[in-house]
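# Report on the structure
In case you want the letters, here they are:
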Amino acid sequence: MSATKVTKICCIGAGYVGGPTCAVIALKCPHIKVTIVDLNQARIDAWNSPEFKLPIYEPGLEDVVRQARGRNLFFTTEVDKGIQEADLIFVSVNTPTKKSGVGAGFAADLNYVELATRRIAAVANSSKIVVEKSTVPCRTAESMRTILEANSKPNCRFDILSNPEFLAEGTAISDLFKPDRVLIGSLQTAEGKAACNALASVYANWVPTERILTVGLWSSELSKLAANAMLAQRISSINALSAICEATGANIDEVAHAVGFDSRVGPKFLRASVGFGGSCFQKDILNLVYLSESLHLPEVAEYWKQVVVMNEYQKRRFSKTVVDTLFNTITGKRIAVLGFAFKADTGDTRESPAITLIRDFQSEKALVNIYDPQVEQDQIWADLAEASPATPLASIQKQVSICDSALAACKNAEAVVIATEWKEFREIDWEEVYRGMNKPAFVFDGRLLVDAEKLRNIGFKVTTIGRGERL
Ligand SMILES: NC(=O)c1ccc[n+]([C@@H]2O[C@H](COP(=O)([O-])OP(=O)(O)OC[C@H]3O[C@@H](n4cnc5c(N)ncnc54)[C@H](O)[C@@H]3O)[C@@H](O)[C@H]2O)c1
Ligand SMILES: O=c1ccn([C@@H]2O[C@H](COP(=O)(O)OP(=O)(O)O[C@H]3O[C@H](CO)[C@@H](O)[C@H](O)[C@H]3O)[C@@H](O)[C@H]2O)c(=O)[nH]1
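Source: prediction; values computed, not measured. (Residues numbered from 1 in each chain as written. Chains lettered and ligands numbered in written order. Predicted model: local features only at pLDDT ≥ 70, side-chain atom pairs only at ≥ 80, totals over all residues. Heavy atoms only, no water.)

### Description of the site of ligand 1
Near ligand 1 there are 25 residues, and of these Asp 38, Arg 43, Thr 95, Glu 169 and Lys 283 occur at the shortest range. Thr 135 is positioned with one of its backbone polar atoms (N or O) 2.9 Å from an oxygen atom of ligand 1. Measuring from an oxygen atom of ligand 1, one finds a side-chain N or O atom of Arg 350 at 3.0 Å. For ligand 1, whose accessible area on its own is 840 Å², the fraction buried by protein is 91%. In the shell around ligand 1, the residues fall into nine nonpolar, nine polar and seven charged. (Near = heavy atom within 4 Å. Polar contact = N/O pair within 3.5 Å; in protein donor to acceptor, adjacent residues only side chain to side chain. Areas by Shrake-Rupley, 256 points an atom, 1.4 Å probe, with all protein chains shown as cover. Nonpolar A, V, L, I, M, F, W, Y, C, P; charged D, E, K, R; others polar.)

### Quick look at the nonpolar core
Note that soluble globular proteins tend to have their nonpolar side chains buried in a common cluster. Counting 64 residues, the largest nonpolar core has Leu 338, Phe 361, Trp 430 and Phe 460 as its most contacted members. If one sorts the elements of this core by residue count, helix α13 (residues 353-363) sits on top with five residues. Those residues in contact with Trp 430 that lie beyond four places of it in its chain are Leu 338, Val 416, Ile 418, Phe 425, Val 443, Val 450, Leu 455, Ile 458 and Phe 460. Ile 44, Trp 47, Leu 61 and Ile 184 belong to the second largest nonpolar core, which has 47 residues in total. (Core = buried A, V, L, I, M, F, W, Y, C linked by side-chain atoms within 4.5 Å. Buried < 20%, exposed > 50% of the residue type's maximum accessible area, 1.4 Å probe, protein only. Helix = DSSP H or I, 4+ residues; strand = E, 2+ residues; numbered from the N terminus. Contact = heavy atoms within 4.5 Å.)

### Let's talk about the confidence of the model for the chain
Chain-level pLDDT for the chain is 96 on average; 99% of the residues reach the 70-or-more range. Both scores are available for the predicted complex, with the pTM at 0.96 and the ipTM at 0.98. (pLDDT = per-residue confidence, 0-100.)

### Focus: the site of ligand 2
Around ligand 2, the structure places 22 residues, and the nearest of them are Phe 166, Leu 167, Ser 273, Cys 280 and Arg 447. Within the contact set of ligand 2, an oxygen atom lies 2.7 Å away from a side-chain nitrogen or oxygen of Asn 228. The contact in question runs from an oxygen atom of ligand 2 to an N or O atom on the side chain of Lys 343, over 2.8 Å. When the free accessible area of ligand 2 is taken as 690 Å², the share hidden by the protein chains comes to 90%. Residue assignment for the shell around ligand 2 shows that the elements contributing at least two residues are α9 (217-248) and α11 (281-294). With four residues, α9 is the single largest residue contributor to the shell around ligand 2. Grouping the amino acids of the shell around ligand 2 by side-chain chemistry returns 11 nonpolar, three polar and eight charged.

### Here we look at a nonpolar patch on the surface
Taken together, the side chains of Leu 295, Leu 297 and Val 300 make up a nonpolar region of the molecular surface, amounting to roughly 240 Å² of accessible area. Structurally, the position occupied by Leu 295 is in the loop between α11 and α12 (298-325). Given the relative accessible area of 51%, Leu 295 is considered exposed. (Patch = residues over 30% accessible without salt bridge, like charges linked within 9 Å, V, L, I, M, F, W, Y side chains within 5 Å. Salt bridge = Lys/Arg side-chain N within 4 Å of Asp/Glu carboxyl O.)

### Points about the pairing of strand β10 (residues 367-371)
For β10, a buried count of four out of five residues is recorded, marking the element as mostly surrounded by other parts of the structure. Strand direction decides the pairing type here: strand β9 (residues 334-338) and β10, joined by five bridges, are parallel. Across the sheet, the residue bridging to Ala 336 is Asn 369, located in β10. Of the crossover connections in this fold, the one passing from β9 over α13 to the parallel β10 is right-handed. Looking at chain direction, β10 and strand β11 (residues 400-402) are connected through three bridges and run parallel. Its bridge partner being in β11, Asn 369 is matched across the sheet by Ser 401. (Pairing = 2+ DSSP bridges. Right-handed = clockwise from strand over helix to strand, strands pointing away.)

Set out below in structure tokens:
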């Protein structure tokens, strides 16, 4: 099947996925005009900012945007024009967990996908390949096709593809430059395969063809949920083992190393932590749980649900350890929380474990100092307000302060809690931190980040996740 040549791409959604993904396509395919559209004017303005103050922090992204923006990469709020001009459209809008209605708390909210799809149907005046980039439940492509076909003009045909994104935040650009695989799902019809080839030929500009996998539509949609569920499952497994380590005196680093050395298991994603965060893992597992329940597979639903249950347990267990260790009360005590992002090298705070920990410390009436090298203050206040809806922001601000350095956050604190694995926390002057703290000075390492022995030699009492050693 010969490939239709793609010359103009539109991406609906200029977020963490649409922005970096399509910026990289523009960089690698100078012959293709790429227009990224969004309804959010502030976001588009930031993408277009003359000083390249982009709306998201991602190592290497600025360089990509500097090279391509204005050449063949454009950011605009002119959604309709972007749709009309393009021969291929990525739908890369948000699909959060539903907050109300049927499936609330589990199912994906597909409203944004549906609205974007309806907009395509309403304004398109030529045939398009429509690519589902957002993470969606199995068979969403079918709903998109039904909407498009019911609303299209006579001379327009739409081919729907699924092309889930596997980038991780913090490493998005290197993941996009060298993906493990690109997955494209299509209907197994002649037209479906031709559309699949057209998209594959875009990626083939820089991705080796053996890494471009083509499968059926529903397999592609399910593979995305499956990949995230299995990655998160590894973290919950190692975190469950970290609890056993703490109770027995075993060391989770050693256990992970020994287990991961088996080539069938592999070493990656076995780092015990205070719990996984991010906008994807929990949402996608809950989505899989809902899908399983809808398919009358309660045992399957229960199996995947445990991954999230274990993650919640890990966060609660960690904050309880802090309280227990600080002589069973943290009322009025100052706790420095280092890191607010859900992982290092991103400013994203969605589902960050730090939010849960700080909420727990607040409810124990502690005073909390927060420092994160990338997260904006407004974002921190918004997240803390959302986490404690019954508490006015002014009351939260009496208990919580945001600091502009790790050293400032630790000043006069009783304890330091490492919530995000920012490299700079390993390198801070721990002797100076110690001098500025109340004694005994405690460190709780929720990310296996610091050299516990070195800190103990300075005088700290150190508790590390997954290590059953003495303070
Ligand atoms: N964040 C990640 O690392 C990641 C990785 C892989 C897949 N995903 C999936 O990709 C999708 C997007 O995630 P994200 O993190 O980029 O979300 P995001 O919230 O950062 O971005 C989505 C953007 O879509 C815009 N939007 C929504 N409806 C629109 C419409 N009708 N027209 C124009 N713009 C519209 C929003 O304004 C927003 O800027 C989700 O389904 C997510 O699960 C995310
Ligand atoms: O061994 C590990 C690895 C990760 N984490 C935590 O797990 C969370 C998620 O990390 P990561 O997967 O690196 O980042 P995400 O950006 O959430 O990326 C995941 O979610 C994306 C959205 O679907 C997928 O595209 C990616 O493939 C998938 O890795 C973070 O809180 C990490 O700190 C651990 O605790 N231990």
